[in-house]
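Spelled out, the chains give:
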Amino acid sequence: MKIVNSYVFLLREKSKMTEDKDGNLFLDLSKNVHTLLKKSFDIIEDDVTFDDLESPTPEIEQRFQKMIKGIKTGVFTVRNKCINASYKISNVDTTEYLDIEVEGSNKNSLISLMQKFHNKIVGNKSIFAKDFIVITSYDSISDYYCNKIYSLLSKFERTLRKLLLIVYTSQFKKAYFEETTSEEIKSHAKKIIKNKNDDIRLQNYLYSLDFGMMRNLLFEKRWTSYDEKNLDKYLKKNKDLTTLSDDELRKKINSIRPSSDWEKLFCNKGFDDDFEVMIARIGELRNLVAHNKIFTKEQYFELKELLEGNINVLEQAILLTEEEDFKKLNEEKHEETLERIREIVSKSLTAIADMIKEVTSRITFSDLLSNFNDNIEEGENNE
């Protein structure tokens with residue numbers, strides 16, 4: 001198994017000819033990566049002597065060709081003999097390029113060793129920084145930790161998406177895409193989905209949003225068409241607002257201000273008060289992983305702790321939603337259905353009562369008396 005780290009060294013300032021007190025001119029040749037590498041590490045240079053050239057082997061020939069091209073190679077002397085570490089330096093004018101390669105059977109050990117090389121080259125006490133601007137061009141350490149955290153990051157995002165889906169669809173059903181989303185997010189989703197079929201949009205909506213968009217969906221304060229419809233419904237039901245108490249009016253006024261879905265739907269599900277801050281930090285670290293940027297060991301452990309803790313919170317929020325919110329919504333729907341039945345029955349009874357009243361209002365006292373006499377005569381005749 002091999003892993004490689006690569007670096008670019010941009011020379012800060014070229015060496016100039018200087019003159020000593022005796023008038024001798026000299027050039028400082030220490031401003032090169034190979035010299036600094038020797039000062040930082042114990043290395044054995046792949047050098048070629050005249051004796052080597054007298055009876056060259058294929059290996060000597062290869063080394064010689066590298067020397068002609070200005071490439072320097074060698075090995076680091078490492079106490080652990082199970083690990084082989086080597087380097088290659090090439091240059092274009094004053095810009096130099098370094099590859100460090102370590103080889104062994106245990107990847108953890110290789111990463112640990114490479115981390116030591118890396119710290120000496122780009123760390124705070126690096127002797128390279130005085131003469132060079134050092135850029136990491138390939139970082140196998142970041143690659144290792146990105147791959148290591150990816151499955152946990154995937155679980156977090158998928159669990160978050162599940163929570164969003166069950167909350168939005170339970171509250172808004174098919175309206176969760178069109179009526180509860182800002183125009184910006186809705187427009188972004190439509191561009192990604194690229195299909196006008198409503199079913200496909202509903203199926204792919206949350207999958208079309210990246211992590212940053214999902215954060216906006218949760219925490220952006222907005223006034224949606226769904227809020228507008230609810231307000232109209234409330235005003236129709238309460239046409240005379242003067243009949244409402246001050247407390248009822250205050251609650252309603254407070255509810256119609258632009259607010260986030262987090263405030264309306266999620267903040268009561270057992271989340272930490274700092275969840276917005278934590279999810280922002282997760283987003284920052286997540287982007288390093290997603291875009292293959294520098295991702296350190298320290299950042300790996302920070303993100304791991306954040307993800308593990310918040311995955312548990314998300315899973316508890318899902319259970320709470322299923323056990324309490326689903327029950328509450330079903331009870332509200334049941335009560336709404338009963339209220340409709342009551343209205344229908346009430347209207348039916350009122351209609352029947354009105355009909356009876358109308359019929360009875362047409363019967364006069366003389367009609368009743370005549371009917372009474374007719375009944376008496378009929379009785380006498382029967383006797």
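See the structure printed just above.
Residues numbered from 1 in each chain as written. Predicted model: local features only at pLDDT ≥ 70, side-chain atom pairs only at ≥ 80, totals over all residues. Heavy atoms only, no water.

**Points about the packing of aromatic side chains**
Okay, so step 1: What the rule picks out here adds up to 18 aromatic pairs.
Okay, so step 2: An angle of 70 degrees between the planes, with centres 5.0 Å apart, marks the rings of Y300 and F301 as edge-to-face.
Okay, so step 3: With relative accessibility at 46%, the residue F301 sits in the partly exposed group.
Okay, so step 4: Three or more aromatic residues joined by ring pairs form one cluster here, namely F41, F76, Y87 and F117. (Phe/Tyr/Trp six-rings, centres within 6.5 Å; stacked < 30°, edge-to-face > 60°. Buried < 20%, exposed > 50% of the residue type's maximum accessible area, 1.4 Å probe, protein only.)

**A look at the sheet that holds strand 1 (residues 2–11)**
Okay, so step 1: If you trace the six strands from one edge of the open sheet to the other, you get 4-5-6-7-1-8, paired in antiparallel fashion. At either end of the open sheet lies a strand with only one pairing partner, and these are strand 4 (43–45) and strand 8 (132–138). Recorded for the sheet is a direction-independent mean angle of 25 degrees between the axes of neighbouring strands.
Okay, so step 2: The pairing of strand 1 with strand 8 spans six bridges and is classified as antiparallel. By the bridge assignment for strand 8, L11 is matched with F132.
Okay, so step 3: Lying on the sheet, helix 4 (residues 107–122) is in contact with strand 1, strand 5 (72–76), strand 6 (84–92), strand 7 (95–103) and strand 8; it crosses strand 1 at an angle near 5 degrees. (Pairing = 2+ DSSP bridges. Helix = DSSP H or I, 4+ residues; strand = E, 2+ residues; numbered from the N terminus. Axes fitted to C-alpha atoms, helices over the stretch in contact; angles between N-to-C directions. Contact = heavy atoms within 4.5 Å.)

**With respect to a nonpolar patch on the surface**
Okay, so step 1: A cluster of nonpolar side chains, contributed by L10, I133 and I135, occupies part of the molecular surface with about 220 Å² of accessible area.
Okay, so step 2: Inspection of the secondary structure assignment puts I133 in strand 8. (Patch = residues over 30% accessible without salt bridge, like charges linked within 9 Å, V, L, I, M, F, W, Y side chains within 5 Å. Areas by Shrake-Rupley, 256 points an atom, 1.4 Å probe, with all protein chains shown as cover. Salt bridge = Lys/Arg side-chain N within 4 Å of Asp/Glu carboxyl O.)

**Brief notes about the side chain of T95**
Okay, so step 1: Inspection of the secondary structure puts T95 in strand 7.
Okay, so step 2: Judged by relative accessible area, T95 falls into the buried class, the value being 17%.
Okay, so step 3: Residues contacting T95, with those up to four places away along its chain left out, are V8, F9, L10 and S90.

**So, the environment of M214**
Okay, so step 1: As for its placement among the helices and strands, M214 is situated in helix 9 (residues 211–219).
Okay, so step 2: Using a relative accessible area of 1% as the deciding quantity, one classes M214 as buried.
Okay, so step 3: Put simply, M214 and L160 are 54 residues apart on the chain and 9.1 Å apart in space, counted from C-alpha to C-alpha.
Okay, so step 4: Beyond its immediate sequence surroundings of up to four residues, M214 is in contact with L160, R161, L164 and L209.

**So, helix 13 (residues 275–290)**
In an α-helix there are 3.6 residues to a turn, and that puts residues three or four apart on one side.
Okay, so step 1: Taking 1.5 Å of rise per residue, the 16 residues of helix 13 would be expected to cover 22 Å, and the 21 Å separating its terminal C-alpha atoms lies within 8% of that figure.
Okay, so step 2: Every buried residue of helix 13 is listed here: F275, I279, A280, I282, G283, L285, R286, L288 and V289.
Okay, so step 3: N292, located one to two residues past helix 13, shows a positive phi value of around 55 degrees. (Expected span 1.5 Å × (residues − 1).)

**Observations concerning the nonpolar core**
Soluble globular proteins: nonpolar side chains tend toward being buried together.
Okay, so step 1: Ranked by size, the top nonpolar core spans 74 residues in total, and within it F76, L98, F117, Y205, L209, F266 and F295 carry the most contacts.
Okay, so step 2: The leading source of residues in this core is helix 5 (residues 140–172), at 14 residues.
Okay, so step 3: Setting aside anything within four residues of it in sequence, one finds L209 in contact with I185, H188, A189, M214 and L217. (Core = buried A, V, L, I, M, F, W, Y, C linked by side-chain atoms within 4.5 Å.)

**Brief notes about the pattern of salt bridges**
Okay, so step 1: One pass over the full model with this rule turns up nine salt bridges.
Okay, so step 2: Among the salt bridges present, the one from E101 reaches K2, with a minimum N-O distance of 3.9 Å. Remark: K2 occurs in strand 1 and E101 occurs in strand 7; sequence separation between them is 99 residues.
Okay, so step 3: A salt bridge links E302 to R281, with the shortest nitrogen-to-oxygen separation between them at 2.8 Å. Taken as a pair, E302 in helix 14 (residues 297–360) and R281 in helix 13 lie far apart in primary sequence, 21 residues in all.
Okay, so step 4: Among the residues examined, E302 registers a relative accessible area of 30% and is labelled partly exposed.

**Focus on unusual backbone geometry**
Okay, so step 1: Even without glycine at this site, K194 takes up a positive phi of about 55 degrees.
Okay, so step 2: By the element assignment, K194 lies in the loop between helix 7 (183–193) and helix 8 (198–204).
Okay, so step 3: The exposure class of K194 is exposed, given its relative accessible area of 72%.
Okay, so step 4: Even without being glycine, N292 reaches a positive phi, approximately 55 degrees.
Okay, so step 5: The topology assignment puts N292 in the loop between helix 13 and helix 14.
Okay, so step 6: For N292, a relative accessible area of 67% corresponds to the exposed category.

**Considering the packing of helix 4 against helix 5**
Okay, so step 1: Running from amino to carboxyl end, helix 4 crosses helix 5 at an angle of 135 degrees, the nearest separation of the two axes being 9 Å. Taken together, the axis directions place helix 4 and helix 5 in an arrangement best described as oblique. Once helix 4 is placed against helix 5, the crossing between them reads as left-handed. In contact with K107, N108, I111, M114, Q115 and H118 of helix 4, helix 5 contributes S140, I141, Y144 and Y145.
Okay, so step 2: The class makeup of the residues in the contact of helix 4 with helix 5 is five nonpolar, four polar and one charged. (Parallel < 35°, antiparallel > 145°, perpendicular 65-115°, else oblique. Left-handed = near helix turned anticlockwise from the far one by under 90°. Nonpolar A, V, L, I, M, F, W, Y, C, P; charged D, E, K, R; others polar.)

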